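Structural overview for review
One letter stands for each residue in the lines below.
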Protein chains: 4
Amino acid sequence: MAHRLGANQYGKAECRVVRIVRDTPRHEIRDLNVSTSLRGDFADAHITGDQAAVLPTDTQKNTAFAYAKLHGVTSAEDYALALGSRLLEACPAADAAQVRVEEYGWDRIGDHSFVRRGGAVRTAVVTVGHDATHVLSGISDLVLLNSTDSEFKGFLEDEFTTLPETDDRVLATSLVARWRHTDADGGGIDWNASHEAVTATLLRTFAGTYSRALQEMLYAMGSAVLDAQPGLAEIRFSAPNVHHHLVDFSGFDVDGLSNDGEVFVAADRPYGLIEAQVTRDGAAAADEAWLAVPGFC
Amino acid sequence: MAHRLGANQYGKAECRVVRIVRDTPRHEIRDLNVSTSLRGDFADAHITGDQAAVLPTDTQKNTAFAYAKLHGVTSAEDYALALGSRLLEACPAADAAQVRVEEYGWDRIGDHSFVRRGGAVRTAVVTVGHDATHVLSGISDLVLLNSTDSEFKGFLEDEFTTLPETDDRVLATSLVARWRHTDADGGGIDWNASHEAVTATLLRTFAGTYSRALQEMLYAMGSAVLDAQPGLAEIRFSAPNVHHHLVDFSGFDVDGLSNDGEVFVAADRPYGLIEAQVTRDGAAAADEAWLAVPGFC
Amino acid sequence: MAHRLGANQYGKAECRVVRIVRDTPRHEIRDLNVSTSLRGDFADAHITGDQAAVLPTDTQKNTAFAYAKLHGVTSAEDYALALGSRLLEACPAADAAQVRVEEYGWDRIGDHSFVRRGGAVRTAVVTVGHDATHVLSGISDLVLLNSTDSEFKGFLEDEFTTLPETDDRVLATSLVARWRHTDADGGGIDWNASHEAVTATLLRTFAGTYSRALQEMLYAMGSAVLDAQPGLAEIRFSAPNVHHHLVDFSGFDVDGLSNDGEVFVAADRPYGLIEAQVTRDGAAAADEAWLAVPGFC
Amino acid sequence: MAHRLGANQYGKAECRVVRIVRDTPRHEIRDLNVSTSLRGDFADAHITGDQAAVLPTDTQKNTAFAYAKLHGVTSAEDYALALGSRLLEACPAADAAQVRVEEYGWDRIGDHSFVRRGGAVRTAVVTVGHDATHVLSGISDLVLLNSTDSEFKGFLEDEFTTLPETDDRVLATSLVARWRHTDADGGGIDWNASHEAVTATLLRTFAGTYSRALQEMLYAMGSAVLDAQPGLAEIRFSAPNVHHHLVDFSGFDVDGLSNDGEVFVAADRPYGLIEAQVTRDGAAAADEAWLAVPGFC
């Protein structure tokens, strides 16, 4: 029986690159988690053990740190584009380099002092090939909650259905969203302004939408983003439905104690998981932009 | 500007199903983490908010628990096949149901007493469609280490290369592997015996292979599994290179203190990440079997 | 050989209590993780199995949820005081009830819409006894970084010392701090204002202090808090030294590439861990306030 | 207002020390997570910033790695005793050194090949002072489950009680246990044999005990250990009650479907948390042995 090597990639994951800009006494900080992958003709490394074509993951790591200085980090996307281009060039056997970045925000508390912001993480996935380059901007761990204006009813029932219909529930999610820029090389894009604008649209739409299901909310958010950002081809969501169960006070022997949507238990598991894509009509697909991106979106 | 709904799926993630079989005083336990997803024509739920076609994730959860009794859990795969078929049938708008299972092992310490085994987790991903069914068996968190018989040299160098070549290093990984059964419905397969056999081949190959790179080790492991298991079409790996750096004793002022491959620091981040597929020649591809499976493999 | 039961306590840990105030269309949210413990004479439960004196952890949980409505949550401390008093009263065998609260912040994005803030977590540990009540306010996961004005030199050396002295390094920590209020019952304390004030002092002191060691920074922060808050008896810190190692560019073959405190790798493990207490002269000690509080402080 | 420095300690946490013994082709592996702390007169470091008395945490780390070779790792306790003695000697300002070790088990799959065992973690906390030395051996993440022979009834009720009494439930915990050796220096103790014996007693007692509460189970386990091991002075437990809720099938419209203790949902949060100590009558207390040990026990 003969076998063959299928798709493969390799790289260095989770380089924790912290870049301080100290050109003036008022320092700046960019705090990144950088992962790189190379794809291409690396069959020898797998089959015969010959490493001649392999740019080691250690070198990829070194390059990631060096480029934080040589190129700088004005944005996750810009840095990833430069790093991806360099890695592709440095490794002739590769036909694509992917750079994945998570960026953690910090708030200033002094000229050279910062407190980590927490909350949502900014993400970028850049895939640089010989023929095309793709940029996915994104956000993860964006935890959103509406305390009303959410219903869930009129659903399909079968013999295992016990969920009551509801006109008023808490809707909460920890959103992962990624959106693809049409102009893959991103020539003139202000990445920071673009990211800020998309995030603002996501928040505004979440806050302003009455939802009959998390699905409807995601579609509304995706549509709003594509409406507001003509430079985007598509947006993808992975959205756990973080259940907030109304606590049942009916068994307590306390006069007048009721729970009209006021006290909930936030559940860990299980959780609903809704995943969806919204695509601009006529936008060209780009499967390679999404290759090996964790999750559905 | 018009938009359209792209690919989407929804379901309940991480139902922690514990099944006790207590037909005799000597109980059995199966401990599962079950996630389900439905795919198909759910556009109304997203676009108009109409939930008529939606089998709620709560009902999917109920069904997952009920099937642990109604169908039973002789293996993760068998249970997932039954549950997936049920969900597909119960939801006419769906054209596929995916069930993902993680199983945690327990060791017996008494007739009705158990201690959780820890270590590797058994996995199964079953996708039931109207036309085809696919079964991926797998394992995750399989942490392997060779304390010698691993080298890394002869690699491509550039101006950022600082890694010295080595003839003798620790090779360690926390393996995720998934393998696809050719006979998708798995008619006569003994899932437990099959899983045990593949795992044994993975361990034996890891222990018996001199490796010039983690890539070569993965290809050897994949080939050995396909050789030994004619019923498998392909196997996919995601393998972090868990770096064990030799600690440098040269700076210590202690006579005779040396470190000949004896003391290592196990690093957290960054880590190499090698992902590869090994495919049987002539096996039909089955992209839908891998849709939305986290990670590269 | 005879044995005896030593210290013991029991309760319900990590009740995820979410309280929505919806008296007006502009809702409020308080998001808590609540743990309770009872201490006292529960020897029968341990030794003979008689549960007559035991208020079940399930009832403690129910009470925690009910009190979010019955008493309300104007602050973590106020809620914990009420809940602790109730639990002590409900369980005659108990001589103390401890309530531990973590509170997660949310930012408003609409009248009934919120985004989770992330970052530091507010904490409270309240111990209610028959004779005395103690309140520890606190903060955890407060990640702080100074990009200069930190040195480390003049330390003790031995034959295993390899660390070079430095005049300029990044100082970063993920601070846990807890401070004890002198007036244990907290009669007239505005808990929210007090917490805000202490946090502001911690940030301002961190940003404004040149430090010769993390130890000195902690003492400065603790002293500043006690100076500013006469109502506090003591403050305790647990502070990992989150190492930011300067990346060595000297091995790269790139003209002019240097690293003057600009590019760092943020390390995971190991990390320094500095723990210290600062106490107001003359303040009475209160060991029972700290009993079973995780960590050193 | 004057303040003073209270209790304090400092050290390096979570050194991931991997020791390979390769004296013969059949290698051995010991895989440790080592944390060290020094206590004593370090007021200058806190108050004036003078580091002259401080043995840096970096040096403590170096020593931890060097001692894996210089002294070797025949057991966590023996290694920690040697390392603690060295650190105390190397730092004249210290009056005690504490070494905390977690050890991860590996199973052999070849002469130089291993698979990580998972499951329970072996622990040791050694405190070396000028006058006394204390050794706590222990185990954590020991996940145990009895599928019957557990009841919970006859408990105290109040107006918030809704829990029904039960004669038959699943009892599960993820145990942390630590036991203190009377002979603190542990002259002639075979640490590995002792640890194995205590663990065996814990498992055997858990499997063989009918329990009316987790409290009773802990006391039974503690008593059995002290009975079997005359060299131990006390044992302490921290035991979450990992709730396995019986799934309610009564709402399903399926003829004959019942749930007689067969299908459970394993809950994450909240969980009961039972903490207790069992002490040998007449054994001398040793508070300093437990100082800064995380958790109640």
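This structure is a prediction, so every number in the text was calculated from the model and none was measured.

**Some details on the interface of chain B and chain A**
Across the contact, 76 residues belong to chain B and 76 residues belong to chain A. Interface area lost by chain B to chain A is led by His3, Leu156 and Phe160 of chain B, which between them contribute 11%. Our count for the chain B to chain A interface comes out at eight salt bridges. Between Arg86 of chain A and Glu159 of chain B there is a salt bridge whose closest N-O contact spans 3.2 Å. Our count for the chain B to chain A interface comes out at 36 residue pairs in polar contact (both at pLDDT 80 or more). Counting residues per element, the ones that place at least two in the side of chain B that touches chain A are strand E1 (3-13), strand E2 (15-21), helix H1 (43-47), helix H2 (57-70), helix H3 (76-90), helix H5 (214-228) and strand E13 (271-280) of chain B. Considering each element in turn, the side of chain B that touches chain A owes the most residues, eleven residues, to E1 of chain B.

**Notes on the interface of chain B and chain C**
Often, the extent of an interface is quoted as the loss of accessible area upon association of its parts. Counting from both sides, the interface comprises ten residues of chain B and, opposite them, ten residues of chain C. Around 920 Å² of area is buried between chain B and chain C when both sides are counted, 59% of it from carbon and sulfur atoms. Between the two partners, chain B and chain C, sit two salt bridges. With a shortest N-O distance of 2.8 Å, Asp268 of chain C and Arg269 of chain B are connected by a salt bridge. Residues that form the side of chain B that touches chain C fall into these classes: three nonpolar, three polar and four charged.

**Points about the relation of the copies chain B and chain A**
It takes a turn of 180 degrees to lay chain B on chain A, together with a shift of 0.0 Å along the axis; the resulting RMSD is 0.0 Å. Expressed as an axis order, the relation between the two copies is that of a two-fold axis. Both copies contact each other with a shared surface, as 100% of the interface residues of chain B are interface residues in chain A too.

**Quick look at the domain arrangement of chain A**
All names here are of chain A. When cut into domains, chain A gives domain 1 (1-131) and domain 2 (139-297). One C-alpha centre belongs to domain 1, the other to domain 2, and the line joining them spans 29 Å. Counting residues at the interface gives 16 residues for domain 1, matched by 14 residues for domain 2. Between domain 1 and domain 2 the total buried area reaches about 1200 Å² when both faces are included, carbon and sulfur atoms providing 51% of it. Connecting domain 1 to domain 2 are zero salt bridges. The tally of links between domain 1 and domain 2 comes to seven residue pairs in polar contact (both at pLDDT 80 or more).

Cut-offs used in this document
Residues numbered from 1 in each chain as written. Chains lettered and ligands numbered in written order. Predicted model: local features only at pLDDT ≥ 70, side-chain atom pairs only at ≥ 80, totals over all residues. Heavy atoms only, no water. Contact = heavy atoms within 4.5 Å. Buried area = accessible area lost by both parts, 1.4 Å probe. Salt bridge = Lys/Arg side-chain N within 4 Å of Asp/Glu carboxyl O. Polar contact = N/O pair within 3.5 Å; in protein donor to acceptor, adjacent residues only side chain to side chain. Helix = DSSP H or I, 4+ residues; strand = E, 2+ residues; numbered from the N terminus. Nonpolar A, V, L, I, M, F, W, Y, C, P; charged D, E, K, R; others polar. Least-squares fit on C-alpha atoms with pLDDT ≥ 70 in both. Domains from an automatic or database assignment.

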